[in-house]
Amino acid sequence: MKTIIGNWKMNVGTRESVALVRGVLLALRGKKMLPEVVVCPSFMALGEVRKIIAHSHVFLGAQNVHFEDHGAFTGEISSRMLSEVGVTHVLLGHSERRNLFGETDEMVNKKLIHALAVGLVPILCVGEGQEARRPGGTEEAQKVVAGQLRGAFKGLHLRHKERILIAYEPVWAIGTGVAAKPADAVSMHVFIRSLVPDLLPGIKSSQFSILYGGSVDGANAYDFLREDEVDGLLVGGASVKLSEFTKVLQSAMDVIEARA
Ligand code: PEP
């Protein structure tokens, strides 16, 4: 199984989101070997996008959520509210949330617990910053990622049917046009895969997937997806360009078909 997630960020309004998701459905139409596809429009566009993807194989994701169920939190939205409008997945701990809006591991942990409690599939984003990128920085990068995972999973006990997507997104690769080398992404995925069972005892391998994110586009998607360790991709900038995103989707279908 390969998972492709489009994070549309604050880049497209409702009208454009509707056009974009129509294009995504068209790209998948009639294809047999489909990846799991999740689109994450702005909160404003969730309702309209939901109408378009109803009865399709495309899932609806939100870009953020608050960690409380309800209350005096002006401007915030809870997991339950997202679930009510048909959201099935939610991005948590995206580096833009962490760096621009002060999201901490503790907040990510609370969001994760709440999201799972209402049946959402969390897409937990982790990744090291530029400082861990210098030669010999691999260990430092692993330390950052391990710390984020440990913080996010604190006190969490996954029930049998629950599932978590982990997106490894080196911060220096997000929106820069400089993607990680597939081999480097693979080695971080191997590290994460080895760590998760220690942090979430009893978790089965089928309950979590590890995706890569950071300057993925139509030209490099296949190189990541053909790696067994890469369960999918989280795509930002290229996901709002239909021709690019279509190429990413096609790469996933090619890899799935080659393995069938
Ligand atoms: C992201 O925002 O999660 C992301 C990966 O962005 P981009 O693809 O633009 O690097």
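It should be noted that the structure appears before, not after, this text.
Residues numbered from 1 in each chain as written. Predicted model: local features only at pLDDT ≥ 70, side-chain atom pairs only at ≥ 80, totals over all residues. Heavy atoms only, no water.

Student: Please clarify how the overall build of the chain should be interpreted in this entry.
Tutor: In terms of helices and strands, the chain carries 9 helices and 8 strands. Each principal axis of the C-alpha distribution contributes one length, and for the chain these read about 45 × 45 × 35 Å. Relative to all contacts within the chain whose residues are 6 or more apart in sequence, the contacts with residues 24 or more apart total 72%. The distance from the centre of the 29 positive side-chain charges to the centre of the 28 negative ones in the chain is 4 Å. (Helix = DSSP H or I, 4+ residues; strand = E, 2+ residues; numbered from the N terminus. Contact = heavy atoms within 4.5 Å. Lys, Arg positive; Asp, Glu negative; His and termini not counted. Charge placed at Lys NZ, Arg CZ, Asp CG, Glu CD.)

Student: For this particular structure, what's the right way to read the pairing of strand β6 (residues 164-168)?
Tutor: Looking along a regular strand, one sees the side chains alternate between the two faces of the sheet. In terms of burial, β6 is largely enclosed, as 5 of its 5 residues are buried. Going residue by residue along β6, you find Ile164, Ile166 and Tyr168 tucked away on one face and Leu165 and Ala167 tucked away on the opposite face as well. In this sheet, β6 lies alongside strand β5 (residues 121-126) in parallel orientation, the contact comprising 4 bridges. Following the sheet pairing, Cys125 is matched in β6 by Ala167. For the segment spanning β5, helix α6 (residues 138-153) and β6, crossover handedness is right-handed. Sheet analysis places β6 next to strand β7 (residues 208-213), joined by 5 bridges and oriented parallel. (Buried < 20%, exposed > 50% of the residue type's maximum accessible area, 1.4 Å probe, protein only. Pairing = 2+ DSSP bridges. Right-handed = clockwise from strand over helix to strand, strands pointing away.)

Student: Could you clarify how one ought to interpret the pairing of strand β1 (residues 3-7) in this entry?
Tutor: Judged by how many residues are buried, β1 sits mostly within the fold: 5 of 5 residues are covered. Here 5 bridges tie β1 to strand β2 (residues 36-40), and the two strands are oriented parallel to one another. By the bridge assignment, Thr3 is partnered in β2 with Glu36. At this point the chain moves from β1, through helix α1 (residues 14-28), to the parallel β2, and the crossover so formed is right-handed.

Student: Would you mind going over the site of the ligand with me for this structure?
Tutor: Around the ligand, 14 residues are found, and the nearest of them are Lys9, His94, Glu169, Gly175 and Ser215. Contact between the ligand and Lys9: an oxygen atom at 2.6 Å from a side-chain N or O atom of the residue. In this structure, Gly236 approaches the ligand through a main-chain N or O atom, which is 2.8 Å from an oxygen atom. Relative to its unbound accessible surface of 290 Å², the ligand loses 96% to contact with the protein. (Near = heavy atom within 4 Å. Polar contact = N/O pair within 3.5 Å; in protein donor to acceptor, adjacent residues only side chain to side chain. Areas by Shrake-Rupley, 256 points an atom, 1.4 Å probe, with all protein chains shown as cover.)

Student: Explain α6 to me, please; I cannot follow it from the model alone.
Tutor: Since there are 3.6 residues in each turn of an α-helix, residues three or four apart along the chain are aligned in direction. In this model α6 runs 22 Å from its N-terminal to its C-terminal C-alpha over 16 residues, within 8% of the 22 Å that 1.5 Å per residue would give. The set of residues buried in α6 consists of Ala141, Val145, Ala146, Gln148, Leu149, Gly151, Ala152 and Phe153. As for α6, its buried residues are in contact with α4 (95-101), α5 (105-117), β5, β6 and α7 (182-199). One or two steps after α6, the chain reaches Gly155, where phi turns positive at roughly 70 degrees. (Expected span 1.5 Å × (residues − 1).)

Student: Would you take a moment to explain unusual backbone geometry for this structure?
Tutor: If you check the backbone angles, His55 has positive phi at about 70 degrees while not being a glycine. Tracing the backbone shows His55 in the loop between α2 (46-53) and β3 (58-62). Assessed through its relative accessible area of 87%, His55 is described here as exposed. Of note in the backbone geometry, Ser215 takes a positive phi value of approximately 55 degrees without being a glycine. Within the element layout of this structure, Ser215 appears in the loop between β7 and α8 (221-225).

Treat this as a map of the structure, not an account of what it does.
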